[in-house]
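Working through the structure, step by step
Chain residues, written in single-letter form:
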Amino acid sequence: LGLTGVALKSGARSALGSLWPVSDTAAQTLLPAFYMHLKDAQVTKAEALRQAQLDLMKQKEFQHPYYWSPFILVGNWL
């Protein structure tokens, strides 16, 4: 699991990782959207990631799955 696995082994309850190297521009767009959605107390981490991926897919330059699909949430999804 790479750095995501290291984060979990060091005590993090969950970590956001990627399955393959990702576009820096896509990550710079997805991560703020993830945390923006996560600020809502009724939204789980999994749902925040899903919403951020949908936000990314709405942008023409990030519609290809290469940009939005490698992001995964490992550990506690709630």
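Whatever comes next refers back to the structure up there.
Computed from a prediction, not measured in an experiment: that's the story for all the values here.

1. Some points on the overall build of the chain
- A tally of helices and strands in the chain yields four helices and two strands.
- From first element to last, N terminus to C terminus, the chain shows the α and β order α-β-α-α-α-β.
- Over its C-alpha trace the chain gives a radius of gyration of 12 Å, about what one expects of a compact globule, namely 12 Å for 78 residues.
- Along the longest, intermediate and shortest principal axes, the C-alpha atoms of the chain span 35 × 30 × 15 Å.
- In the chain, which comprises 78 residues, the share counted as buried stands at 29%.
- By sequence separation, contacts in the chain at least 24 residues apart represent 59% of the contacts at least 6 residues apart.
- About 5,200 Å² of surface is accessible on the chain, with carbon and sulfur atoms providing 60% of the total.
- Averaging the coordinates of the 7 positive side-chain charges in the chain and doing the same for the 5 negative ones gives two points 7 Å apart.

2. Observations concerning helix H3 (residues 45–57)
- Taking 1.5 Å as the rise per residue, H3 with 13 residues should run 18 Å; its terminal C-alpha atoms sit 18 Å apart, in good agreement.
- The complete set of buried residues in H3 reads Lys45, Ala48, Leu49, Ala52, Gln53 and Leu56. Buried residues of H3, seen end-on, are gathered within an arc of 135 degrees and therefore sit on one face of the element.
- On the buried face of H3, the contacting elements are strand E1 (14–18), helix H2 (24–38), helix H4 (65–68) and strand E2 (71–75).

Cut-offs applied
Residues numbered from 1 in each chain as written. Predicted model: local features only at pLDDT ≥ 70, side-chain atom pairs only at ≥ 80, totals over all residues. Heavy atoms only, no water. Helix = DSSP H or I, 4+ residues; strand = E, 2+ residues; numbered from the N terminus. Rg over C-alpha atoms; globule rule 2.2 N^0.38 Å. Buried < 20%, exposed > 50% of the residue type's maximum accessible area, 1.4 Å probe, protein only. Contact = heavy atoms within 4.5 Å. Areas by Shrake-Rupley, 256 points an atom, 1.4 Å probe, with all protein chains shown as cover. Lys, Arg positive; Asp, Glu negative; His and termini not counted. Charge placed at Lys NZ, Arg CZ, Asp CG, Glu CD. Expected span 1.5 Å × (residues − 1). Arc of directions from axis to C-beta.

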